[in-house]
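Structural overview for review
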Amino acid sequence: MAIEVNLEKYGHKKKGFLGFSWTAFFFNFLVPIFRADFKWFLIFIFPFIFGVLGANLDLDFDNNFIALIFILPALVSKFVFPFIYNKFYTKGLIKEGYLPPKDDDYSNAILKGIDYLEYSDEDLLDKEKMEKYRLIIEEYENERKKDMHTIIIVFALIGVLIAFFYFMASYS
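**Points about a nonpolar patch on the surface**
Taken together, L68, I71, L72, L75, V76, F79 and V80 make up a surface patch of nonpolar side chains, about 540 Å² in accessible area. Turning to its location among the elements, L68 is positioned in helix α4 (residues 64-79).

Laid out in structure tokens, this is it:
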């Protein structure tokens, strides 16, 4: 699961996310629509539009190279974007001026620990706060390791299923 961080700007609150986006993996271009992130909606949907155009151009898809040109962007959208989308979405919110509330140590610790925000001089001088931040960051990193194991297992299972169905299709 992605880690949620609280961000706000002039009292308007939004959630930032860090880590692998399971929602983007399963629902792809719908995620940016629900987050009102229209730039990433276009980035997510472009490979699918490209694929549909390729399918309607009456090209020789028996040629594997042409098929790969039109299928590869959709595969990138499906299997690469979920790894990077939450990072770019949260960094975009920070660039727009959304920041974690001062009293939210969890969001501040994570965003400062992964260098999305800089530590203030006040933070650096407060030993107790820095120790609290260190513990939160360690917990965050452990959670990321667990998530990576889950991702590897899911992709391995998908690979096994694809191989199984490919074998079954070629066997008959």
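**Examining the confidence of the model for the chain**
Do not read the predicted coordinates in detail wherever pLDDT is low. In the predicted model, the chain carries a mean pLDDT of 90, and 97% of its residues have values of at least 70. Averaged pLDDT values for the elements of the chain fall to 81 in α4 and rise to 95 in helix α5 (residues 81-95).

**Considerations on the pattern of salt bridges**
Applying the stated criterion across every chain yields a total of 8 salt bridges. Across the pair D105 and K132 runs a salt bridge, and its minimum N-O distance is 2.9 Å. Of the two residues, D105 sits in helix α6 (residues 105-113) while K132 sits in helix α8 (residues 127-171), which places them 27 residues apart along the sequence. Here D105 falls in the buried class, since its relative accessible area comes to 18%. The class for K132 is partly exposed, based on a relative accessible area of 44%. R134 is the partner of E131 in a salt bridge, and the nearest nitrogen-oxygen pair spans 2.4 Å. With E131 and R134 both in helix α8 and 3 residues apart, this pair spans about one turn of that helix. E131 gets classed as partly exposed once you look at its relative accessible area, which sits at 36%. The partly exposed category is assigned to R134, whose relative accessible area is 38%.

Conventions used here
- Residues numbered from 1 in each chain as written.
- Predicted model: local features only at pLDDT ≥ 70, side-chain atom pairs only at ≥ 80, totals over all residues.
- Heavy atoms only, no water.
- Patch = residues over 30% accessible without salt bridge, like charges linked within 9 Å, V, L, I, M, F, W, Y side chains within 5 Å.
- Areas by Shrake-Rupley, 256 points an atom, 1.4 Å probe, with all protein chains shown as cover.
- Salt bridge = Lys/Arg side-chain N within 4 Å of Asp/Glu carboxyl O.
- Helix = DSSP H or I, 4+ residues; strand = E, 2+ residues; numbered from the N terminus.
- pLDDT = per-residue confidence, 0-100.
- Buried < 20%, exposed > 50% of the residue type's maximum accessible area, 1.4 Å probe, protein only.

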